[in-house]
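Letter by letter, the chains look like this.
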Amino acid sequence: MKSSTLELKVPSVGESVSTVEIGQWISKEGDPVRKDEPVVVLETDKAAVEIVAPADGRLIKVLAARGQRVAVGETVGLVEQAAFKPAAPGGASAAPPTHAGAAPPAAAPVIMPAAARLMAERQVPIEKVTGTGPGGRVLKEDVQRVLAEKPTAEPPIPAASAPDVIAAPEPGHAPPVTDEAGALEEVVPMSLLRRKIAERLVQAQRSAALLTTFNEVDMSATLTLRKEMQEKFQERHQVKLGLMSFFVKATIEALKQVPALNAEIREANIVYHRRYDLGIAIGSGRGLVVPVLRHADHLSFGEIEKAIADFAARARDNKLKPDDLTGGTFTISNGGVYGSMLSTPLLNPPQSGVLGMHAIQDRPVAIAGQVVVRPIMYVALTYDHRIVDGREAVTFLRRVKELIETPARLLLEV
């Protein structure tokens, strides 16, 4: 097949986005690339987007370095298209005949997208990885196996010359710089997404009158119902029944009772939303992202769980689009998945409220004059005190608590 040069162009990533920032080049100049597999990650102020290879070939030129701003439609790299020989049956690579004594050319291994990202982040050379997937494909597990191997021990540093503190560099970044005093530090540019997160957090602190109210929820009834229905739920919806769908349903009912928490300040006006588009905070590995569950009040438990699972998968694979992250009217954040016992979540401007969920722990509580042990979750509501009164905040949390402690109400809408 005759080779030809193809351009890697910045795709349209949203109506309001005209420029992006080059994030991480997964492939380097000279690396083989496979059709539809990611080559470079682009950063917007809301999400990360990948450019995939338009065809099998080799990345012959990088035209935009990491951190550089580029416009939608601009060419950031060149791929020389070339045919790759398919793997022969049994995993052996098909190769043309060679002259006697000459070694056959090595076939380029097929590297799966998740494996390519991990190799780039942890700077793992392909020579150290043995693919165990079909046809010798390199899987993420193959890279993790290499990373798990213990490195050769280095000779100890003499005590007289050892620095007081040795900081390990973060994987995927340049080695730390040592100053004359011997202290170690690493300078890493903030990604556009991280800069936007920082900007919005500071904006929330400066522009709103933040206050946080807490309550505790006995999770016994919801956990029991979830356990009883899990098998049938999975058979019907092909997704696990999580706790988030219960809290989404409870939050919507509480917002209907306290509409100020589903509102925003716009100049000198209060805008009450008649839609329930809930942001669901998800850790993406590149920072916290908040994809929006549109018209959540019209979704079933199964539809909610499927949507959240889809958000999580696309966040891991950098497939979320900027439009997925805009237009939310209220946010739910579950720090409990990381083990958080209690926190004060920050608003996602211009919203007026955010509900924080936390880890479930067995705690002694007094019920009917007796001390019993129950699975308890602390919940926190941070709100904009300019439009939400303390009484309304307490009412909201009590309504959430009532519905989670008696989940039948969610089904009967009482």
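The structure under discussion appears in the preceding block.
Structural notes, computed from the coordinates. The model shown is predicted, which means the values in this text are computed figures rather than measured ones. The numbers attached to residues start from 1 for each chain and follow its sequence in the written order. Local features are withheld for residues below a pLDDT of 70 in this predicted model, meaning they are given only at 70 or higher, and side-chain atom pairs are given and counted only at 80 or more; totals for whole chains, interfaces and linings count all residues. Computation of side-chain values covers all heavy atoms of the structure but excludes hydrogens and water.

## Details of the environment of Gly77
The following threshold applies: The helix count covers DSSP runs of H or I at least four residues long, the strand count covers runs of E at least two residues long, and both are numbered beginning at the N terminus. Throughout this description, buried means an accessible area under 20% of the type-specific maximum (1.4 Å probe, protein chains only), exposed means over 50%, and partly exposed covers the range between. The contact criterion used is simple: two residues touch if any of their non-hydrogen atoms lie within 4.5 Å.
Position of Gly77 among the secondary structure elements: in strand E8 (residues 75-81). Among the residues examined, Gly77 registers a relative accessible area of 0% and is labelled buried. Considering only alpha carbons, one finds Gly77 and Ala64, 13 residues apart in sequence, at a separation of 7.2 Å. Excluding residues within four positions of it along the chain, Gly77 makes contact with Leu6, Glu7, Leu8, Trp25, Lys61 and Leu63.

## Some points on helix H5 (residues 244-257)
Heads up, the rule is: Take the number of residues in a helix, subtract one, and multiply by 1.5 Å to get its expected span.
Counted at 1.5 Å a residue, the expected span for H5 with its 14 residues is 20 Å, and the 20 Å between its end C-alpha atoms agrees. The element H5 is extensively covered by neighbouring structure, given that 11 of its 14 residues are classed as buried.

## Quick word on the sheet that holds strand E4 (residues 38-43)
Our working rule: Strand pairing requires that DSSP identify at least two bridges connecting the strands. Think of each axis as a best-fit line through the C-alpha atoms, taken over the contacting stretch in the case of a helix, with angles from 0 to 180 degrees between the N-to-C directions.
A sheet is described by the order of its strands in space; here 4 strands give the open sequence E5-E4-E2-E7, paired in antiparallel fashion. If you trace the sheet from one side to the other, it starts and ends with strand E5 (48-52) and strand E7 (69-71), each paired once. On average, each strand axis in the sheet is inclined to that of its neighbour by 45°, with strand direction left out of account. Across 3 bridges, the pairing between strand E2 (residues 19-25) and E7 is antiparallel. Among the inter-strand pairings, Thr19 is bridged to a residue of E7, identified as Ala71.

## Describing the sheet that holds strand E6 (residues 57-62)
Ordered by their spatial adjacency, 4 strands build an open sheet running E1-E8-E6-E3, and the pairing between neighbours is antiparallel. For this open sheet the edge positions go to strand E1 (4-9) and strand E3 (32-33), each flanked by a neighbour on one side alone. Both E6 and E8 contribute to a ladder of 5 bridges, which runs antiparallel. Each residue of the ladder has a partner; that of Lys61, found in E8, is Leu78.

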